[in-house]
Amino acid sequence: MSIDRDEQPSVEPGVGPAPEGEPRFRPYHHPAAGWGAAKSVSRFLVRERALVDGPRAIMRMNHENSGFDCPGCAWPDDLKGLHLDICENGIKHVTWEMTPKRVGRDFFAAHSVTELYGWSDYDLENQGRLTEPMVYDPASDHYVPISWKDAFEVVGRALRELDSPDQASFYTSGRLGNEPTFLYQLLARELGTNNLPDCSNMCHEASGRALQASLGTGKGTADLKDWETADALFIMGVNAASNAPRMLTALAEAHDRGASIVHVNPLIEAAATRTIVPHDFTDMALFKSTRTSTLNLQVRIGGDMALMRGMAKVILEESKTDPKVLDQEFIDRYTTGFAEYRTLCEATSWEEIEEQSGLSRDDVLAAARVYCEADRTIISWCLGVSQHEHGVDTVREIVNLLLLRGNLGREGAGPSPVRGHSNVQGNRTCGIDHRPTEPFLDRLAEVCGIDPPREHGLDTVGTIEAMLRGDVKVFVGMGGNFALAAPDTPVTYEALRRCDLTVQVSTKLNRSHLVHGAGALILPCLGRTEKDHQRRGVQRTSVEDSMSMVHLSLGMKRPASKDLLSEPAIIAGIARAALPESSTPWQWYVEDYDRIRDTMAKVLDGFEDFNRRVRLPLGFRIKQPARELVFLTPSGRAEFSCAALPDVVPAPGTLALGTMRSHDQWNTTIYSDDDRYRGVENLRTLVFMNRADMRERGIEDLAPVDITSTARDGSERHLNGYLAIPYDIPRGCAAGYMPEMNVLCALVDRSAQSDQPVMKHVKVTIVASSGAAAHR
Ligand SMILES: Nc1nc2c(c(=O)[nH]1)N[C@H]1C(S)=C(S)[C@@H](COP(=O)(O)OP(=O)(O)OC[C@H]3O[C@@H](n4cnc5c(=O)[nH]c(N)nc54)[C@H](O)[C@@H]3O)O[C@H]1N2
Ligand SMILES: Nc1nc2c(c(=O)[nH]1)N[C@H]1C(S)=C(S)[C@@H](COP(=O)(O)OP(=O)(O)OC[C@H]3O[C@@H](n4cnc5c(=O)[nH]c(N)nc54)[C@H](O)[C@@H]3O)O[C@H]1N2
Ligand SMILES: [Mo]
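Residues numbered from 1 in each chain as written. Chains lettered and ligands numbered in written order. Predicted model: local features only at pLDDT ≥ 70, side-chain atom pairs only at ≥ 80, totals over all residues. Heavy atoms only, no water.

Trainee: It is not clear to me how the site of ligand 2 should be interpreted in this structure. Could you clarify?
Mentor: With respect to spatial proximity, 30 residues lie near ligand 2, and among them Glu125, Tyr171, Ala485, Glu567 and Thr668 are the closest. Interatomic distance of 3.1 Å between a backbone N/O atom of Lys508 and an oxygen atom of ligand 2. Bound to the protein, ligand 2 loses 97% of the 930 Å² it would expose on its own. Within the shell around ligand 2, the residues separate by chemical class into 11 nonpolar, 13 polar and 6 charged. Here the shell around ligand 2 spans two domains, and each of domain 1 (5–27 + 650–768) and domain 2 (102–203 + 423–618) adds at least three residues to it. (Near = heavy atom within 4 Å. Polar contact = N/O pair within 3.5 Å; in protein donor to acceptor, adjacent residues only side chain to side chain. Areas by Shrake-Rupley, 256 points an atom, 1.4 Å probe, with all protein chains shown as cover. Nonpolar A, V, L, I, M, F, W, Y, C, P; charged D, E, K, R; others polar. Domains from an automatic or database assignment.)

So, in structure tokens, the structure goes:
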């Protein structure tokens, strides 16, 4: 399966736009959001020529059941409906979809695929919305138009002719609404495969597995009401000001009512200082900012678990003189494994905790004090915690800490992972799972009259490996940008190129259309902002946010082209062509999504009476058994875990590199080369380093450096000519941007606990560059 890396095509084309000027770095000292955000939005609306549609759409965003759900992130909507519930990045995200620019057949006739491959990713997406189905013509190396009927037949035939359904893999990016999600997994399982990789495999897989193991429910238990009543909030490994900006409101409100807010992050991100609440125009006018932190703990990369362990150690120690710091009644009644955990904490030395967390004992004591003084605590986290080798153990350690003080199953308390894509949680709930449970498959079999396969399928990394081996021959991407989002870019490219057929259902042109199989199709679909007309009227789809609220989303714009189909219609079209004998009423489902919902209500836990409840003003919340103190674990109790602390201290001379997002990007979609809150302009090919680490290596500020990663199998990967930015980051740690840095992430470097690619702890060496800067 291994491929000769020297023969790999280079991945030269840049990701971001051509820089508008010289790279600049000036530390940012202003509050998050506020006028900087407003200025950035208006510049963006002008550039995207969306000054009329943009603001109109924004007014309809996140309005309970009468507007569309903001595709920007999975943060829940404002419960009270009092605010204009929007943020800078949500506006950009929506405007990006609503652009008046179009990519039609003339465009594809004018540019060969080889030529387009040389364009930057920014330029590709910036061409605008895709307008009609296209098929790759190898003779001319161009995409050429194809009718929907013929396109479905191309996919259908390829799927019918496979030796085994497991030679196909069906990827989902977390934008897909619940109803198409259900149809998509039905298609895969009726065909006979559980190969359903999704972006979650690179994102919160660790969180789901950990919460499932500890609490028997693979999701967070806290909701927005809990956020409004917590006394202490721990925010770990999330850049909220950029990636979940609506959290800023919750943080500012929490601070105003006297709650403590502890940020745990190697970087002090913008949300960890002060913010101007985005929708509060009085605050904006007065430049009034609110503090959003009580304590900032700059852990070393991967040091979160040691911090949690240290806090637990303090509490257990203190309980000897003050038993009230433990909720012994809760522990006795609802948990198991406490005695072992206590012994483990006692046996973990302070030297180890300090060394592995990168924090002093005083820092850990300060965090423990905040935790003990609060009656109700929420611990929230995102990728800084999950994308590690030991992501599952860390999330379980977070739960351990919560259990000690009974911070579960009551108001204002609980674990609260911040999910990424706007419906990534709903995708999993509605069946996108390469490891489906037996009860789910049983019900699917009974209700839908199919015989679903029982063996587990392939996840994202598994799919790439199978494509390389030639075991997966047909790849279908339901949204997303697999080529760029996945690790080990040249290897992923090669995997896609070895397929017989790659099919991408997309709204915009991206890298995954240009890195394709022998046959390739681009199937353009409606976006979430657009009206979805079907036979029985305009349809709505539903989504589930980070806090398990399910509500409807209704598009309001005229579709970008009359030749677009909705995602349910595309899935049904493929299904009918691939499964000519199917007794599933595919077309009937597409005519009216209420019919899909009626079937889902019978298959999915917590979706009883789906059609009625989803039309309630705020939709409905899927019950979390753990929230009700019902634990679907083998012991029937919440289970303390007892894992050894991992060794996360970089070997001498090496650094731990975290790959992350800039402020002006949405995963693989790049809006500009700026990262405002980190003070960077006109530059993406950079690496943030501690100044002492730079000096030790003879690296000057903003000087070009060469980065080499070493994978666990000893293989090396390189990125040369990146500019080093001196930054407030712990020694031994470095950070830079995805997706560029996926070149450094080896496929073999995935967590044994979650199978997630280890994207936040890449082992690298960095030296002053002998060549030129990569900056174009
Ligand atoms: N505007 C915008 N919004 C988005 C996205 C986007 O690209 N743009 N992406 C969406 C998606 S899919 C997701 S999953 C989320 C991602 O949201 P985030 O998790 O905020 O994503 P990252 O940019 O990867 O940032 C990770 C944060 O973790 C910190 N970090 C790195 N290593 C560690 C560590 O070891 N410990 C701790 N405690 N912190 C660490 C980094 O400094 C950074 O602040 O955002 C979603 N929302
Ligand atoms: N190194 C590194 N790599 C990472 C990460 C990291 O932190 N570090 N993060 C990982 C994470 S958390 C995630 S979630 C993945 C993201 O991986 P993906 O979800 O695969 O990538 P996106 O960039 O979100 O996908 C963007 C594309 O989606 C398409 N699109 C947009 N809207 C729609 C729609 O409504 N319908 C359809 N069908 N298509 C649409 C557009 O064509 C656009 O080009 O990346 C992962 N990769
Ligand atoms: Mo994500």
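Trainee: Can you walk me through the pairing of strand S29 (residues 686–689) in this structure?
Mentor: Along any regular strand the residues' side chains alternate between the sheet's two faces. Burial along S29 is two-sided: the face carrying Leu686 and Phe688 and the face carrying Val687 and Met689 are both buried. In terms of strand pairing, S29 meets strand S31 (residues 716–726) through 4 bridges, oriented parallel. Bridge assignment links Val687 to a residue of S31, and that residue is Ala724. Relative to strand S32 (residues 733–737), S29 runs antiparallel, the two sharing 2 bridges. Residue pairing in the sheet places Phe688 in a bridge with Ala735 of S32. (Buried < 20%, exposed > 50% of the residue type's maximum accessible area, 1.4 Å probe, protein only. Helix = DSSP H or I, 4+ residues; strand = E, 2+ residues; numbered from the N terminus. Pairing = 2+ DSSP bridges.)

Trainee: Explanation requested: the environment of Leu344 in the structure shown.
Mentor: Counting through the fold element by element, Leu344 comes out in helix H16 (residues 338–347). The class of Leu344 is partly exposed, set by a relative accessible area of 22%. Along the chain, Leu344 and Lys313 lie 31 residues apart, while their C-alpha atoms are 9.1 Å from each other. With residues near it in sequence (within four places) discarded, Leu344 still touches Arg309, Cys642 and Ala643. (Contact = heavy atoms within 4.5 Å.)

Trainee: Looking at this structure, I do not really get the state of the cysteines. What am I missing?
Mentor: On inspection of all chains with the given rule, the structure shows 0 disulfides. Free cysteine Cys372: the closest other cysteine sulfur is in Cys345, separated by 13 Å. Cysteine Cys642 remains unbridged, with the sulfur of Cys345 as its closest cysteine sulfur at 7.8 Å. Note on Cys642: relative accessible area 41%, which makes it partly exposed. (Disulfide = S-S within 2.5 Å.)

Trainee: Looking at this structure, I do not really get the domain arrangement of the protein chain. What am I missing?
Mentor: When the parts come together, some accessible area is lost, and that loss is often what is quoted as the size of the interface. Its domain assignment divides the protein chain into domain 1 (5–27 + 650–768), domain 2 (102–203 + 423–618) and domain 3 (213–417). Computed from C-alpha atoms alone, the centre-to-centre distance between domain 2 and domain 3 is 36 Å. On the side of domain 3, 10 residues touch domain 2, which itself brings 8 residues to the contact. Interface area, domain 2 with domain 3, both sides summed: about 610 Å², of which 49% is carbon and sulfur. Broken down residue by residue, the surface that domain 2 buries against domain 3 is led by Cys203, Ser546 and Met547, which jointly contribute 65%. One can count 1 salt bridge joining domain 2 with domain 3. In this structure, Glu544 engages Lys219 in a salt bridge whose closest nitrogen and oxygen atoms are separated by 2.9 Å. Our enumeration of links across domain 2 and domain 3 arrives at 4 residue pairs in polar contact (both at pLDDT 80 or more). Its residues placed into classes, the side of domain 2 that touches domain 3 shows 3 nonpolar, 4 polar and 1 charged. (Buried area = accessible area lost by both parts, 1.4 Å probe. Salt bridge = Lys/Arg side-chain N within 4 Å of Asp/Glu carboxyl O.)

Trainee: What is the right way to read the nonpolar core from this model?
Mentor: Leu159, Phe170, Leu187 and Leu523 are the most contacted members of the largest nonpolar core, which totals 61 residues. Looking at this core element by element, the count peaks at 8 residues for helix H27 (residues 567–578). Setting aside residues no more than four positions away along its own chain, Leu187 makes contact with Phe170, Ile571, Ile574, Ala575, Leu579 and Trp586. In terms of nonpolar packing, the next biggest core, distinct from the first, is built from 60 residues, Tyr136, Met202, Leu657 and Ile699 among them. (Core = buried A, V, L, I, M, F, W, Y, C linked by side-chain atoms within 4.5 Å.)

Trainee: Just checking my understanding: could you explain the site of ligand 1 for this structure?
Mentor: Residues in contact with ligand 1 amount to 30 residues; listed here are only the nearest, Asn265, Glu269, Gly302, Asp304 and Asn667. A distance of 2.6 Å separates an oxygen atom of ligand 1 from a polar side-chain atom of Glu269. Between ligand 1 and Leu383, the relevant distance is 3.0 Å, taken from an oxygen atom to a main-chain nitrogen or oxygen of the residue. Taking 910 Å² as the accessible area of ligand 1 by itself, protein coverage stands at 98%. Secondary-structure elements contributing two or more residues to the shell around ligand 1 are helix H11 (240–243), helix H19 (383–386) and strand S26 (665–666). When its residues are assigned to classes, the shell around ligand 1 shows 12 nonpolar, 14 polar and 4 charged.

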